[in-house]
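Here is how the chains run, residue by residue.
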Amino acid sequence: MSLVSILPQEHGVDIEIKYATSDNFTGKPVYKKGACYLHKDAADCLSKAVNLAKPLGLKFLIFDAYRPSEAQWKLWEHTPNPDFLADPAKGSPHSRGVAIDLTLMRSGSALDMGTAFDAFTPLSHHGHTGISREAQANRLLLLGLMTAAGWDFYRNEWWHYQLFNSRNYALISDKDAGTNMM
């Protein structure tokens, strides 16, 4: 299985792979190598979203994309919460290369989305009104751009988007992908 390497210059995005750092809910790096990959179909949808955001003066900051199956198990072992993590026995859209975690930026700064990435709280749910109006508007802007570009959303996480038919894609291990992320 070949994945598309998503690169800042080539794809017009910024990348900060959180699971390659200790700045994630586990408090330690999950990946030994921070890289951003997507299945070609997802990469095409990302390009559409980038093209929709650009005239608005917006850019995407990617926190995670393809996540090796081995990493999904590590996350699940740390926090087995099906409201915020896919059970690795069933498989995550991330481990299929067809999901992405991201936010919007303007002038080099991330827009206020009301919570941090991976804040496992009801405040992270799409449509939650317990956050500022500005954050609500920013989430709706992100949602509009992503859905217009062909992405589906996960209702519990404002940052997570996946292809509509994500279960139709095969799970991919780090070894099979040849990404050497683990």
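Described in the following lines is the structure provided in the data block. (Residues numbered from 1 in each chain as written. Predicted model: local features only at pLDDT ≥ 70, side-chain atom pairs only at ≥ 80, totals over all residues. Heavy atoms only, no water.)

## Let's talk about the overall build of the protein chain
Here is step 1: A count of helical and extended segments in the protein chain gives five helices and eight strands.
Here is step 2: Ordered by position in the sequence, the α and β elements of the protein chain form the string β-α-β-β-α-β-α-β-β-α-β-β-α.
Here is step 3: For the protein chain, the C-alpha radius of gyration of 15 Å lies close to 16 Å, the compact-globule estimate for 182 residues.
Here is step 4: Projected onto the principal axes, the alpha-carbon positions of the protein chain cover approximately 40 × 35 × 30 Å. (Helix = DSSP H or I, 4+ residues; strand = E, 2+ residues; numbered from the N terminus. Rg over C-alpha atoms; globule rule 2.2 N^0.38 Å.)

## A look at the layout of surface pockets
Here is step 1: In this structure, the largest pocket encloses a volume near 330 Å³.
Here is step 2: Taken together, 22 residues line the largest pocket, and the ones lying closest to its centre are Leu85, Ala86, Pro93, Tyr154 and His160.
Here is step 3: Looking at the lining of the largest pocket element by element, the count peaks at four residues for strand S8 (residues 157-163).
Here is step 4: In terms of residue class, the lining of the largest pocket is built from eight nonpolar, seven polar and seven charged. (1 Å grid on protein atoms, 1.4 Å probe; cavity = no way out; pocket = protein on both sides within 12 Å on 5 of 7 lines; lining within 4 Å. Points joined across faces, edges and corners; volume = space filled by probe spheres on them. Nonpolar A, V, L, I, M, F, W, Y, C, P; charged D, E, K, R; others polar.)

## Structural notes on the nonpolar core
Here is step 1: One finds Phe60, Ile100, Leu142, Met146 and Trp151 to be the most contacted residues of the largest nonpolar core, which totals 52 residues.
Here is step 2: Elements represented by at least two residues in this core include exactly strand S3 (37-38), helix H2 (40-53), strand S4 (58-64), helix H3 (69-78), strand S5 (99-106), helix H4 (133-148) and S8.
Here is step 3: At seven residues, the largest contribution of residues to this core is made by H2.
Here is step 4: When residues no more than four places from it in sequence are discounted, the contact partners of Phe60 are Val13, Asp14, Ala49, Val50, Ala53, Leu102, Thr103, Leu104, Met105, Leu142, Leu145 and Met146. (Core = buried A, V, L, I, M, F, W, Y, C linked by side-chain atoms within 4.5 Å. Buried < 20%, exposed > 50% of the residue type's maximum accessible area, 1.4 Å probe, protein only. Contact = heavy atoms within 4.5 Å.)

## Observations regarding the packing of aromatic side chains
Here is step 1: Summed over the entire model, instances satisfying the criterion amount to eight aromatic pairs.
Here is step 2: With centroids separated by 6.2 Å and ring planes inclined at 90°, the aromatic side chains of Tyr19 and Phe25 adopt a geometry described as edge-to-face. This pair shows no difference in class: Tyr19 is buried, exactly as Phe25 is.
Here is step 3: Each member of the aromatic cluster is reached from another via a ring pair, and the members are Tyr19, Phe25, Tyr31, Phe63, Phe84, Phe117, Phe120, Trp158 and Trp159. (Phe/Tyr/Trp six-rings, centres within 6.5 Å; stacked < 30°, edge-to-face > 60°.)

## Some remarks on empty space enclosed by the protein
Here is step 1: Applying the stated criterion across every chain yields a total of one cavity of 30 Å³ or more.
Here is step 2: Looking at the largest cavity, its volume works out to about 30 Å³.
Here is step 3: Taken together, the residues that form the lining of the largest cavity break down as three nonpolar, five polar and no charged.

## A look at the pairing of S8
Here is step 1: For S8, a buried count of seven out of seven residues is recorded, marking the element as mostly surrounded by other parts of the structure.
Here is step 2: As paired elements, S5 and S8 share three bridges and run antiparallel to each other. Its bridge partner lying in S8, Ile100 is registered against Tyr161.
Here is step 3: As judged from the four bridges shared by strand S7 (residues 151-154) and S8, these two strands associate in the antiparallel manner. From the neighbouring strand, Tyr154 faces S8, where its bridge partner is Glu157.
Here is step 4: In this structure, the hairpin formed by S7 and S8 is closed by a connection of two residues. (Pairing = 2+ DSSP bridges.)

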